[in-house]
Number of protein chains: 2
Amino acid sequence: MSISDLVKIFKALSDETRLKLLALLENGELCVCKIVSILKMSQPKVSFHLNILKDAGLVKMRKEGTRIFYSLDDSDLFKRFLILSIIEKIKDKAFSSNFNQEGGVIWK
Amino acid sequence: MSISDLVKIFKALSDETRLKLLALLENGELCVCKIVSILKMSQPKVSFHLNILKDAGLVKMRKEGTRIFYSLDDSDLFKRFLILSIIEKIKDKAFSSNFNQEGGVIWK
DNA sequence: AAAAAATATAAAAATTTTTTGATATATTTT
DNA sequence: AAAATATATCAAAAAATTTTTATATTTTTT
């Protein structure tokens, strides 16, 4: 892993939206449309951020029909540690299992 | 540790100069002037990046006369792990104990 | 074959970060 | 007290990132 690989990973993690995306994927894959509806963000914005996470090797994707499912990619030990740390640190604050009427997450 | 604290830490780590600064401090404190002479960067630039690392709680400083010495701040376990991982991953590539005639580090 | 659905991509605008050059501040030395 | 040294800060410029709006592509459904 080169310095620029490291920088790319940290850059990917240095954005609140992307940390939320990682936390959202904790329990398994989700398609973009589901993520959009949960986070109430524009679809291009979600795709943009997912792409940065993918480039950094933090998530992977799987195509099924017209949908694309994203999931955590923790095949690398260091990345796995990072992802787990992040989820552990923001899960409670970010989610606390609170969803609003429309199924949107309530972030604290 | 809030989400924005986490983002701040990762933002601080998402820059090559700052990763090099952390690696440079591996073996103990250095004053700004020494860092400037080793890295061959402008003093305001070095101060700027050190300040970002300090704001994120990754380094601490100590004043002595006209000099200011910076050192790693790994009092927090998560930060310590991050710093150690970074040093372990870039040390060989970045340093390999190579210094040029003027005492400047040769980065690979 | 047309329409609909899901997603990516691209261009422009907005925002943030980084670099640079100049200057200010504080401490030590002469 | 003046000069020198080390460092921070500030403002402007440059560069990079993010957001937004529009559009293209692919697959499924009708």
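Predicted, not measured: the structure shown is a model, and the values here were computed from it.

Parameters at a glance
Residues numbered from 1 in each chain as written. Chains lettered and ligands numbered in written order. Predicted model: local features only at pLDDT ≥ 70, side-chain atom pairs only at ≥ 80, totals over all residues. Heavy atoms only, no water. Helix = DSSP H or I, 4+ residues; strand = E, 2+ residues; numbered from the N terminus. Buried < 20%, exposed > 50% of the residue type's maximum accessible area, 1.4 Å probe, protein only. Contact = heavy atoms within 4.5 Å. Areas by Shrake-Rupley, 256 points an atom, 1.4 Å probe, with all protein chains shown as cover. Least-squares fit on C-alpha atoms with pLDDT ≥ 70 in both. Lys, Arg positive; Asp, Glu negative; His and termini not counted. Salt bridge = Lys/Arg side-chain N within 4 Å of Asp/Glu carboxyl O. Polar contact = N/O pair within 3.5 Å; in protein donor to acceptor, adjacent residues only side chain to side chain. Near = heavy atom within 4 Å. Nonpolar A, V, L, I, M, F, W, Y, C, P; charged D, E, K, R; others polar. Pairing = 2+ DSSP bridges. Axes fitted to C-alpha atoms, helices over the stretch in contact; angles between N-to-C directions.

Enquirer: Help me get a handle on the overall build of chain A, residues and values and all.
Expert: A count of helices and strands for chain A gives five helices and three strands. Taken from the N to the C terminus, the helices and strands of chain A come in the order α-α-β-α-α-β-β-α. Here chain A, with 108 residues, has 47% of them falling under the buried criterion. Restricting to contacts in chain A with at least 6 residues of sequence separation, those with at least 24 account for 51%. As displayed, chain A has an accessible area near 5600 Å², and 51% of this comes from carbon and sulfur atoms.

Enquirer: So, the relation of the copies chain B and chain A: which residues are in play, and what are the values?
Expert: Of the two same-sequence chains, chain B is brought onto chain A (RMSD 0.0 Å, axial shift 0.0 Å) by a rotation of 180 degrees. Taken together, these values place the two copies in the relation of a two-fold axis. No C-alpha of chain B approaches the rotation axis more nearly than that of Phe-10 of chain B, which lies at 2.7 Å. Mapped onto chain A, 100% of the interface residues of chain B again fall at the interface, so both copies present the same surface.

Enquirer: Let's hear about the side chain of Asp-73 of chain B: which residues, and what values?
Expert: Residue and element names in this part refer to chain B. Within the fold, Asp-73 resides in the loop between β3 (67–72) and α5 (77–94). Of the buried charged residues, Asp-73 lacks a salt bridge, with Lys-60 as the closest side chain of opposite charge at 4.8 Å. At a separation of 2.8 Å, a polar atom in the side chain of Asp-73 contacts the side chain of Ser-75. Sequence-distant contacts of Asp-73, defined by excluding residues within four places in its chain, comprise Gly-57, Leu-58, Val-59, Lys-60 and Ile-83.

Enquirer: Which residues make up the protein's contact with DNA strand C, and what values go with them?
Expert: Around DNA strand C, the surrounding shell holds 21 residues, and the nearest of these are Cys-33, Ser-47, Thr-66 and Tyr-70 of chain A together with His-49 of chain B. Among the atoms of DNA strand C close to the protein, meaning within 4 Å, 70% are from sugar or phosphate groups. A distance of 3.0 Å separates a phosphate oxygen of DNA strand C from a polar atom in the side chain of Arg-18 of chain B. Note that a phosphate oxygen of DNA strand C is positioned 2.4 Å from one of the side-chain N or O atoms of His-49 of chain B.

Enquirer: Tell me what's going on with the protein's contact with DNA strand D, and back it up with residues and numbers.
Expert: Around DNA strand D sit 21 residues in total, of which His-49 of chain A together with Cys-33, Ser-47, Thr-66 and Tyr-70 of chain B are the nearest. Considering DNA strand D, the proportion of its atoms within 4 Å of the protein that are sugar or phosphate atoms stands at 67%. At the level of secondary structure, the elements contributing two or more residues to the surface near DNA strand D comprise α4 (43–55) of chain A together with α3 (32–39), α4 (43–55) and β3 of chain B. Ranked by residue count, the leading element in the surface near DNA strand D is α4 of chain A, at five residues. When the residues that make up the surface near DNA strand D are grouped by side-chain class, the tally is nine nonpolar, six polar and six charged.

Enquirer: Quick one: what's the story with the pattern of salt bridges, residue by residue and with numbers?
Expert: Residues and elements named next belong to chain A. According to the stated counting rule, one finds eight salt bridges over all chains in the structure shown. The partner of Arg-62 in a salt bridge is Glu-29, with the nearest N and O atoms 2.5 Å apart. On the criterion of sequence distance, the pair formed by Arg-62 in strand β2 (residues 59–64) and Glu-29 in the loop between α2 (16–24) and β1 (30–31) is long-range, its members being 33 residues apart. On the basis of relative accessible area, Arg-62 is assigned to the partly exposed category, the value being 33%. A salt bridge links Glu-64 to Arg-62; its shortest N-O distance comes to 2.8 Å. Beyond isolated ion pairs, a larger network of salt bridges with shared partners links Glu-29, Arg-62 and Glu-64.

Enquirer: So, the sheet that holds strand β2 (residues 59–64) of chain B: which residues are in play, and what are the values?
Expert: All names here are of chain B. Pairing is antiparallel in the open sheet, where three strands are placed in the order β1-β3-β2. Where the open sheet ends on each side, the last strands, each with one partner, are β1 (30–31) and β2. As judged from the two bridges shared by β1 and β3, these two strands associate in the antiparallel manner. Pairing of Cys-31 across the sheet is with Phe-69, part of β3. Relative to β2, α4 is tilted by about 120 degrees, and along the sheet it contacts β2 and β3.

Purely geometric numbers; function is a separate question.
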